[in-house]
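In case you want the letters, here they are:
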Amino acid sequence: MPGSANERIDVLCVDEVEGTAAVLRRDTERFGVTAVTSIRKGVAELDGRVDCVVAGYDLPDGTGLDLLRAVRRRAPDLPFILFTDAGSEDIASDAISAGVTDYLRRTDEEDPFPVLANRIRTAVERYRAKRDHAERRAELRRRERRLDAVFEDPKMLVGVLSPDGRLRKANGTAMEFVDADHADLVGQPFHETPWWTDDHRADVREWVERAATGEYVEYEAHHGHVEGERRSVSGTVRPVTNDAGEVVSLIASARDITERRDHERRLRRRNERLNEVASLVSHDLRSPLNVASGHLAMARDDGDGHLDEVAHALERMGDLVGDLLTLVHEGERVSEVETVDLRAAVEDCWRNVSTTEPAPRIDADRAIRADPDQLRHLLENLLGNALRHGGPDVTVTVGDLDDGFYVADDGQGIPEPEREAVFESGYSTATEGTGVGLAIVRSIADAHGWSVTVTESETGGTRFEIRGVECEAPAPRTT
């Protein structure tokens with residue numbers, strides 16, 4: 001293996017004295033020797049494999065110290081042994097300052113090979129050990145970076161748990177969901193952390209217990225969020241085992257699927273509206289069409305007296321088609337949310353609803369955040385509903401709520417058992433209504449994130465309350 005004591009050592013000898021290379025070549029199994037006689041040639045050999053440089057002091061184009069400095073510029077840690085007859089203290093001191101690995105003098109009294117071979121072997125083993133250690137640390141850092149890249153996935157919430165379900169670590173994406181410090185959450189039971197709402201804590205404890213037995217647990221749930229909203233997530237709690245198959249930790253991970261769930265809800269609402277349209281087309285449009293066809297046939301036989309009835313039936317069909325198109329397209333999404341003066345919006349809508357009935361009483365003094373076009377459709381349908389069902393002398397009132405507004409009348413009211421049904425397409429008790437208007441109202445409210453309910457007004461009539469609306473003071477009115 002690399003770095004072992006038995007690995008062959010490639011030595012570069014730079015010396016005019018041929019004996020240095022000769023003594024090392026005695027052990028051809030241990031040493032591979034390349035011999036050159038100058039600094040220039042020695043530096044050129046550094047491009048090949050060299051484990052150790054052994055150099056004399058006196059060289060044709062400089063000294064061993066000159067070579068040492070050149071080697072250190074190219075390979076700062078490469079073993080370098082100065083093997084020379086010159087033995088002054090100054091040379092030894094300069095060599096150490098220049099970063100020599102070892103300094104060895106030739107002697108005539110003893111064979112220098114065993115000492116030199118041992119010094120080379122020791123220097124190279126240390127060099128290889130240091131190199132291997134650096135390579136292992138570099139590989140470890142690469143693995144840690146790869147793991148960090150996986151752990152810090154910006155699209156995934158990831159947490160590492162102990163087998164008993166306590167949090168060890170959470171990634172940055174998960175921490176963005178909660179208003180807490182990471183250090184304060186470490187060590188807490190996972191089901192007690194602020195990611196979970198109270199209605200999920202018992203389920204989370206069960207998922208962790210199942211994963212701790214080796215089960216791969218999949219779930220869908222809601223997470224709390226720093227912005228005060230609940231986010232839909234799809235996740236897993238999976239076990240991590242050692243070689244013996246024992247669970248040593250748990251990985252909890254989840255992906256935010258809020259947008260996907262919102263899209264699915266929009267599709268469901270759109271499909272419901274399309275089904276409502278299909279139902280209305282097949283039933284409600286058929287009646288005025290049959291009326292128009294019957295009167296047209298009689299008109300052909302009896303004269304033109306029936307044409308008014310035909311026109312009336314066709315007009316009703318036009319109203320139905322308009323409402324059906326509104327039901328399909330409005331409320332699908334909110335395009336442009338603006339600050340809208342509620343009083344001014346009601347006054348504008350009333351002109352489109354009636355020109356003969358008394359104007360509504362407006363107790364609203366706020367502005368709201370809404371899509372102006374959709375708000376207009378919502379108000380026109382509520383105001384028109386009050387006129388159709390309240391009678392000719394009905395009084396309509398529009399007023400503020402803490403988190404929205406209401407539209408009330410003093411008409412006959414709606415019996416409590418029927419109040420939820422009024423939002424279904426096709427429901428109507430008036431002969432002139434299409435039964436689609438209140439379905440449009442609910443669709444637009446849903447698209448804004450509002451709620452709409454119906455109750456009894458103070459005068460015994462009907463009161464529609466729209467809540468969850470972002471309200472603010474209106475701009476000063478000019479007089």
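Every residue gets a number counted from 1 within its own chain, in the order that chain's sequence is written. Only residues with pLDDT of 70 or above have their local features reported here, since the model is predicted, and side-chain atom pairs are shown and tallied only from 80 upward, although totals for entire chains, interfaces and linings are computed over all residues. Only heavy atoms go into the side-chain values, all of them from the structure, while hydrogens and water stay out.

A word on the overall build of the protein
Logical step 1: Within the protein, the secondary structure is distributed over 14 helices and 20 strands.
Logical step 2: Exposure classes here rest on a 1.4 Å probe applied to the protein chains alone. A residue is buried below 20% of its type maximum, exposed above 50%, and partly exposed in between. Buried residues in the protein amount to 42% of all 479 residues.
Logical step 3: For this analysis, residues touch if any pair of their heavy atoms sits within 4.5 Å. The long-range share in the protein, meaning contacts at least 24 apart out of those at least 6 apart in sequence, stands at 58%.
Logical step 4: As displayed, the protein offers around 26400 Å² of accessible surface, 47% of which is attributable to carbon and sulfur atoms. In DSSP terms, a helix is any run of H or I states spanning at least four residues, a strand is any run of E spanning at least two, and both are numbered starting from the N terminus. To be clear on the numbers: accessible area is Shrake-Rupley with a 1.4 Å probe, and residue cover counts the displayed protein chains and nothing else.

Remarks on the packing of aromatic side chains
Logical step 1: In this analysis, rings of Phe, Tyr and Trp, with Trp reduced to its six-membered ring, are considered paired at centre separations within 6.5 Å, and the interplanar angle assigns stacked below 30 degrees, edge-to-face beyond 60, and tilted for intermediate values. Using the criterion set out here, one finds six aromatic pairs in the structure.
Logical step 2: Here the aromatic rings of Phe405 and Trp450 are separated by 6.5 Å at their centres, their planes lie at 85°, and the arrangement is edge-to-face. Here Phe405 is found in strand β17 (residues 404-409), whereas its partner Trp450 is found in the loop between α14 (437-448) and β18 (451-456), with 45 residues between them in sequence.
Logical step 3: Residue Trp450 is classed as buried on the basis of its relative accessible area of 6%.
Logical step 4: Taken together, the ring pairs in this structure connect Phe190, Trp195, Trp196, Trp207 and Tyr219 into an aromatic cluster.
Logical step 5: Any Lys NZ or Arg CZ that is within 6 Å of a ring centre and within 35 degrees of that ring's normal is treated as a charge sitting over the ring. Stacked on the ring of Tyr406, the Lys or Arg Arg463 has its end atom at 4.0 Å from the ring centre.

Quick look at the confidence of the model for the protein
Logical step 1: On average, the protein scores 81 in pLDDT, and the residues at 70 or more come to 79%.
Logical step 2: Note that residues 429-434 has pLDDT below 50 and, in this model, 17 contacts with residues that lie over four places away or in other chains. What pLDDT expresses is the predictor's confidence in each residue, scored from 0 to 100.

Description of the pairing of strand β1 (residues 9-14)
Logical step 1: Counting buried positions over the six residues of β1 gives six, a clear majority of the element.
Logical step 2: By the alternation rule, side chains of β1 split into Ile9, Val11 and Cys13 and Asp10, Leu12 and Val14, which are all buried.
Logical step 3: Direction of pairing for β1 relative to strand β2 (residues 31-36): parallel, over a ladder of six bridges. Looking at the pairing, Val14 lines up with Val36 of β2.
Logical step 4: The β-α-β motif built from β1, the intervening helix α1 (residues 19-24) and the parallel element β2 has right-handed crossover chirality. Think of it this way: DSSP has to see at least two bridges between two strands before they count as a pair. A right-handed crossover is one whose linking path, passing over the helix from the first strand to the second, runs clockwise when the strands point away from the viewer.

Things to note about the sheet that holds strand β8 (residues 156-161)
Logical step 1: Taken together, five strands build an open sheet; the order of strands is β9-β8-β12-β11-β10 and the sheet is antiparallel. In this open sheet, the two strands that pair with only one neighbour each are β9 (167-170) and β10 (217-223). The mean angle between the axes of side-by-side strands here comes to 25°, regardless of whether they run parallel or antiparallel.
Logical step 2: Sheet topology places β8 next to strand β12 (residues 247-256); six bridges connect them, and they run antiparallel. By the bridge assignment, Leu161 is partnered in β12 with Leu250. Throughout, an axis means a line fitted to C-alpha atoms (over the contacting stretch in the case of helices), and angles, computed between N-to-C directions, take values from 0 to 180 degrees.

Let's talk about the pairing of β8
Logical step 1: Among the six residues in β8, six count as buried, and that is most of the element.
Logical step 2: Across the two faces of β8 the burial is the same, with Met156, Val158 and Val160 and Leu157, Gly159 and Leu161 all buried.
Logical step 3: Strand direction decides the pairing type here: β8 and β9, joined by three bridges, are antiparallel. Considered in β9, the bridge of Leu161 is made with Leu167.
Logical step 4: Between β8 and the antiparallel strand that follows it, β9, lie five residues; Gly165 among them carries a positive phi value of about 90°.

With respect to the nonpolar core
Logical step 1: Note on terminology: a nonpolar core comprises buried Ala, Val, Leu, Ile, Met, Phe, Trp, Tyr and Cys residues joined through side-chain atoms within 4.5 Å. Leu375, Leu379, Phe405 and Trp450 are the most contacted members of the largest nonpolar core, which has 36 residues in total.
Logical step 2: The set of elements that each furnish at least two residues to this core consists of α12 (342-353), β15 (367-370), α13 (372-390), β16 (396-401), β17, α14, β18 and β19 (462-467).
Logical step 3: Sort the elements by how many residues they give to this core and α13 lands first, with seven residues.
Logical step 4: Contacts of Leu379, omitting those with residues within four sequence positions, involve Leu342, Ala345, Val346, Cys349 and Phe405.
Logical step 5: Ranked by size, the runner-up nonpolar core spans 24 residues in total, among them Ala174, Val178, Trp196 and Ala254.

Considerations on the pattern of salt bridges
Logical step 1: Think of a salt bridge as a Lys or Arg side-chain nitrogen and an Asp or Glu carboxyl oxygen that are within 4 Å of each other. Following the criterion strictly, the structure yields 24 salt bridges and no others.
Logical step 2: With its nearest N and O atoms 4.0 Å apart, the salt bridge here joins Asp10 to Arg8.
Logical step 3: On the basis of relative accessibility, which here comes to 40%, the residue Arg8 falls in the partly exposed class.
Logical step 4: With a shortest N-O distance of 3.7 Å, Glu380 and Arg376 are connected by a salt bridge. Note that Glu380 and Arg376 are positioned in helix α13 at a spacing of four residues, about one turn of the helix.
Logical step 5: Residue classification places Arg376 among the partly exposed positions, given a relative accessible area of 32%.

Brief notes about the environment of Leu375
Logical step 1: Relative to the assigned elements, Leu375 resides in helix α13.
Logical step 2: Measuring from C-alpha to C-alpha, the distance between Leu375 and Leu342 comes to 9.4 Å, with 33 residues separating the pair along the chain.
Logical step 3: Filtering out sequence-adjacent residues up to four positions away, Leu375 remains in contact with Val340, Ala345, Ile368, Ala370, Phe405 and Trp450.

Structural notes on the sheet that holds β15
Logical step 1: Across the sheet, which stays open at both edges, the three strands sit in the order β13-β15-β20 with antiparallel pairing between neighbours. Since the sheet does not close on itself, it has two edges, and those belong to β13 (338-341) and β20 (471-472), each with one partner.
Logical step 2: Here two bridges tie β15 to β20, and the two strands are oriented antiparallel to one another. Residue pairing across strands places Ala367 opposite Glu472, the latter belonging to β20.
Logical step 3: Against the sheet, α12 makes contact with β13 and β15, and its axis sits at roughly 70° relative to β13, the strand it touches most.

Things to note about empty space enclosed by the protein
Logical step 1: The definitions used throughout rest on a 1 Å grid laid over the protein atoms alone, on which a cavity is an enclosed set of points accommodating a 1.4 Å probe that cannot get out and a pocket is an open set flanked by protein within 12 Å on both sides along at least five of seven lines; lining residues are those having an atom within 4 Å of a point. Grid points are joined across faces, edges and corners, and a volume is the space filled by probe spheres set on the points. Inspection of the entire model under this criterion finds one cavity of 30 Å³ or more.
Logical step 2: Size it by volume and the largest cavity reaches roughly 110 Å³.
Logical step 3: Together, 13 residues line the largest cavity, and Leu157, Gly159, Ala174, Phe190 and Ala252 are the ones closest to its centre.
Logical step 4: Going through the elements one at a time, β8, β9, β10 and β12 are the ones with two or more residues in the lining of the largest cavity.
Logical step 5: Residue composition of the lining of the largest cavity, by class: 10 nonpolar, three polar and no charged. Each residue receives one of three labels: charged for Asp, Glu, Lys and Arg, nonpolar for Ala, Val, Leu, Ile, Met, Phe, Trp, Tyr, Cys and Pro, and polar for the others, Gly being one of them.

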